[in-house]
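Chain and residue survey
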Amino acid sequence: MAGSKTVLFIEDDRIISEMYGRVLGKAGYTVDYAYTGTTGLSQAQSKPYDLILLDIMMPEMTGIEILKRLRADPQFAHTKIVILTNLAQDKSTQEELESQADGYLIKADVVPSQLVGLLQKLL
Amino acid sequence: MNTTDSGSFYRHLMVLGLLAMLLPALCVAVLWFLTTSTSSGVDPALNQLATAAAAIGLILALLLSLGLSYRLYRPLRRLWQAQVAGASNRPHSQFKLLSQLDRAADQIELTLAKSQAVAEHLSTDRHQLQTVLDNLTDGIFALDRNSRIVLFNRAAAELTGLTPTAVAGQVADHLLPLRQDDDLILPPWLYQHADSLNRQIGHWSNVDLIQANGSGLNVDVEAILLPEYPAGLQALISFRDMTKNRQLQETKFDFVAIAAHELRTPLTTIRGYLDLLQTEGKAELSPEHQAFLQRSATGAEQLAEMVGKLLNVSRIEHNELNLNLGLEDANAFFNDLATTLATRLAKANRSFSAVVQPGLPKLFIDATAIQEVVMNLINNAVQHTPDGGQISLSVQTSGMRLHVTVNDNGTGIPKDKVAKLFTKFYRADGLHAQHGTGLGLFIAKAIVEAHGGYIWVESEEGKGSSFGFELPLEHQVAAATLASDTKGVIHRGSHGWIKDRSIH
């Protein structure tokens, strides 16, 4: 589909990647997958993405770390980045994330059929 | 007894003695003269006179002797009697004095013994008190009117690293810095209540105490200010080392956070794939199988909610309850909520009605959290009502407060359970209680109180219950200025938040 929105999904659990990726694909998005932080960062640089979905608990580099690096790069200043995790954050980290990220969703509370609706507010 | 002095007594004796001896001698002389004179022809009348005189003289001499001997006899007798009395212990005037002295001596000895006993008791009591003070695990110190330390028990010395001799008479303020959130707690509190006529008690928890060697302890402090300064005391302060407790609480908090994350991971997969099956399998699955899937999905959803609640409770206890306050249109908020509830309660076979006062002011609340509060109250009502039971919601202002009430006509709550309703593990005992962690009301209370509000319950067994909470409305003006959101519009829910970029 020409002009379809592109999504980069940085998540180390493939089962979960596939789960959400499937509905995004069916909703017309083009989804690329990265299973480590490093791959994710280099993938993000390779082409412009409309949305980056970011897990936090990953080997080598946490999602927060990746978020910081992305936002530090002016190239990604306007990229929509949504954190998709099962980790709860303390008050101070939450406040920081509210200014840096465009969304923070708890996976266990968001089933695939809800994801598209939520992301549509952003895209 | 004649108490004239012994000098005159003896003089009398001498005179009497002399007379007693001279008179008989004189009479004998007269008689000899008579016998010799009869032969020389003296006048016979003279003879008779001389004889009479001699006879009288002899009688006088006899009387004098008797008097003299009696005079001598009386004291001698008394001496004898005294000796006898002394020998047989019979009270006698001279010995009365001695026995009185003896009794007096006995009493003095008794009093001395009593005083000694009292002194020993005092010493034992004092020793006991000191032993008690020194074996308490809480540190205790007392201040006099000038804030100088006059008492410092062993635990205080051990906990602070200061010796009693080092602190005695010193001003407490800088020697024993006790800080809560970087503010010194003690001298300010003492000054604040110095003029109070009532005994003042202060409690502080999570207080930092810096020990003499520089390391820190986390303590709980209690101070008592005595209004009438008995025995020169102004204040008593006790503090307890809570460092291990705090560490344990931290460990507990961390554990719950990790556990929640671990539970959520497989739950994500379960919920996610059930959802996919439900969406994609509609054509291939029989209605019955679809219903099965829905049951699984509901169960998994409840599990997810439970994990969320556990996490919330842990955060509430750690004072980490995260409120995302925002300006809400109260009418829209409650009307939407009422609609959602109507659907849910119809499914749960309860009759529902809602009354929302029109023209409500804007509310500065965490919408997700307040929604959770109402949901918890409704769930509670469902658990206490039978099928077909009535539940109603009312929202109205009352002065400067917003009152939200959930009424039901169910079984009510027994009086002895009311006190525990809002505690962590209250469970509805009712027949209709199906599931629930017992945490809903605890969380509801924490949320309401974090908003500066107040939650309550009125219930009558057999008649029903009324749960309500109020939220203050005063903050509206101040809140309006705070709510200018530089981050853009944020949609929040139990699942997290997402920014709305469609509105500019």
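Residues numbered from 1 in each chain as written. Chains lettered and ligands numbered in written order. Predicted model: local features only at pLDDT ≥ 70, side-chain atom pairs only at ≥ 80, totals over all residues. Heavy atoms only, no water.

1. What about the overall build of chain A?
- Within chain A, the regular secondary structure consists of five helices and five strands.
- Along chain A, helices and strands appear, N-terminal first, in the series β-α-β-α-β-α-β-α-β-α.
- The buried share of chain A, reckoned over its 123 residues, is 56%.
- Carbon and sulfur atoms form 50% of the exposed surface of chain A, whose accessible area is close to 5200 Å². (Helix = DSSP H or I, 4+ residues; strand = E, 2+ residues; numbered from the N terminus. Buried < 20%, exposed > 50% of the residue type's maximum accessible area, 1.4 Å probe, protein only. Areas by Shrake-Rupley, 256 points an atom, 1.4 Å probe, with all protein chains shown as cover.)

2. Notes on the confidence of the model for chain B
- Residue-level pLDDT values for chain B average 84, and 89% of them are 70 or greater.
- Scoring of the predicted complex yields 0.67 for pTM and 0.95 for ipTM. (pLDDT = per-residue confidence, 0-100.)

3. Details of the packing of helix H11 (residues 367-384) of chain B against helix H13 (residues 440-450) of chain B
Residues and elements named next belong to chain B.
- For the pair H11 and H13, the least separation of the axes is 9 Å and the interaxial angle reads 145 degrees. Judged by the twist between their axes, the crossing of H11 over H13 is left-handed. Only Gly440, Leu441, Ile443, Ala444, Ile447 and Val448 of H13 make contact with H11, whose side of the interface consists of Ala369, Ile370, Glu372, Val373, Asn376, Leu377 and Asn380.
- Among the residues forming the contact of H11 with H13, the class breakdown is nine nonpolar, three polar and one charged. (Axes fitted to C-alpha atoms, helices over the stretch in contact; angles between N-to-C directions. Left-handed = near helix turned anticlockwise from the far one by under 90°. Contact = heavy atoms within 4.5 Å. Nonpolar A, V, L, I, M, F, W, Y, C, P; charged D, E, K, R; others polar.)

4. A closer look at the nonpolar core
All names here are of chain B.
- With 46 residues, the main nonpolar core has Phe334, Val374 and Phe469 as its most contacted residues.
- Of the residues forming this core, the biggest block, ten residues, is contributed by H11.
- Membership of the second largest hydrophobic core comes to 27 residues, among which are Phe141, Phe152, Leu176 and Ala223. (Core = buried A, V, L, I, M, F, W, Y, C linked by side-chain atoms within 4.5 Å.)

5. What to know about a negative patch on the surface
All names here are of chain B.
- A contiguous patch of negative charge on the surface is contributed by Asp181, Asp182, Asp183 and Asp208.
- The residue aspartate 208 is located in strand S5 (residues 200-210) in this model.
- For aspartate 208, a relative accessible area of 36% gives the class partly exposed. (Patch = residues over 30% accessible without salt bridge, like charges linked within 9 Å, V, L, I, M, F, W, Y side chains within 5 Å. Salt bridge = Lys/Arg side-chain N within 4 Å of Asp/Glu carboxyl O. Lys, Arg positive; Asp, Glu negative; His and termini not counted. Charge placed at Lys NZ, Arg CZ, Asp CG, Glu CD.)

6. Concerning the sheet that holds S5 of chain B
Residues and elements named next belong to chain B.
- A sheet is described by the order of its strands in space; here seven strands give the open sequence S2-S1-S7-S6-S5-S3-S4, paired in antiparallel fashion. Pairing within the sheet leaves two strands with one partner each, and these edge strands are strand S2 (149-152) and strand S4 (183-184).
- As paired elements, strand S6 (residues 216-225) and strand S7 (residues 233-241) share seven bridges and run antiparallel to each other. Looking at the pairing, isoleucine 224 lines up with leucine 236 of S7.
- Those strands touched by helix H8 (residues 243-280) are S5, S6 and S7, and its axis lies near 120 degrees from that of S6. (Pairing = 2+ DSSP bridges.)

7. Quick notes on the interface of chain B and chain A
- Counting from both sides, the interface comprises 33 residues of chain B and, opposite them, 39 residues of chain A.
- Summing the contributions of chain B and of chain A, the shared interface buries around 3100 Å²; its carbon and sulfur component is 56%.
- If you sort the residues of chain B by the area they bury against chain A, His495, Trp497 and Ile498 of chain B come out on top, with a joint share of 23%.
- On the surface where chain B and chain A come into contact, there are four salt bridges.
- A salt bridge links glutamate 98 of chain A to arginine 492 of chain B, with the nearest nitrogen and oxygen atoms 3.1 Å apart.
- Linking chain B with chain A are 15 residue pairs in polar contact (both at pLDDT 80 or more).
- Within the residue set of the side of chain B that touches chain A, elements represented by two or more residues are H8, helix H9 (287-317), strand S15 (489-493) and strand S16 (496-500) of chain B.
- No other element matches H8 of chain B, which puts twelve residues into the side of chain B that touches chain A.
- Residues of the side of chain B that touches chain A, tallied by class, amount to eight nonpolar, 14 polar and eleven charged.
- As paired elements, strand S5 (residues 103-106) of chain A and S16 of chain B share three bridges and run antiparallel to each other. Each residue of the ladder has a partner; that of tyrosine 104 of chain A, found in S16 of chain B, is tryptophan 497 of chain B. (Buried area = accessible area lost by both parts, 1.4 Å probe. Polar contact = N/O pair within 3.5 Å; in protein donor to acceptor, adjacent residues only side chain to side chain.)

8. With respect to the packing of aromatic side chains
Residue and element names in this part refer to chain A.
- For the coordinates displayed, the defined rule picks out nine aromatic pairs over all chains.
- With 6.4 Å between their ring centres and 5 degrees between their planes, tyrosine 33 and tyrosine 35 make a pair best called stacked.
- A relative accessible area of 27% places tyrosine 35 in the partly exposed class.
- Every member of this aromatic cluster is reached through a ring pair, and the members are Phe9, Tyr20, Tyr33 and Tyr35. (Phe/Tyr/Trp six-rings, centres within 6.5 Å; stacked < 30°, edge-to-face > 60°.)

9. Describing the pairing of strand S2 (residues 30-34) of chain A
All names here are of chain A.
- As defined by bridge partners, strand S1 (residues 6-10) adjoins S2 across five bridges and the pair is classed as parallel. Within S2, the residue paired with valine 7 across the bridge is valine 31.
- Tracing the backbone out of S1, into helix H1 (residues 14-26) and back to the parallel element S2 gives a crossover that is right-handed. (Right-handed = clockwise from strand over helix to strand, strands pointing away.)

10. Topic: H8 of chain B
- In this model, H8 of chain B (38 residues) spans 55 Å end to end at C-alpha, consistent with the 56 Å of a helix rising 1.5 Å per residue.
- The largest bend along H8 of chain B measures about 25 degrees and falls at leucine 267 of chain B. (Expected span 1.5 Å × (residues − 1). Bend = angle between axes of the 7 residues up to and from the residue.)

11. A look at the sheet that holds strand S9 (residues 351-356) of chain B
All names here are of chain B.
- One open sheet accounts for five strands, arranged S9-S11-S12-S14-S13; its pairing is mixed. At either margin of the open sheet sits one strand with a lone partner, and together these are S9 and strand S13 (454-460). Strand-to-strand twist of the sheet, defined as the mean angle between neighbouring strand axes without regard to direction, takes the value 15 degrees.
- Each of S9, strand S11 (390-398), strand S12 (401-408), S13 and strand S14 (464-472) is contacted by H11, which is oriented at about 170 degrees to S14, the strand it contacts most.
- Packing against the sheet, H13 makes contact with S13 and S14, and its axis sits at approximately 135 degrees to S13.

12. A word on the pairing of S12 of chain B
Residues and elements named next belong to chain B.
- Note that S11 and S12 share eight bridges and pair antiparallel. The partner of serine 392 across the bridge, within S12, is asparagine 407.
- Hairpin connection between S11 and S12: a loop of two residues separates the two successive antiparallel strands, and glycine 399 in this loop has a positive phi of roughly 65 degrees.
- With eight bridges connecting them, S12 and S14 associate as antiparallel partners. Looking across to S14, one finds that aspartate 408 is bridged to serine 465.

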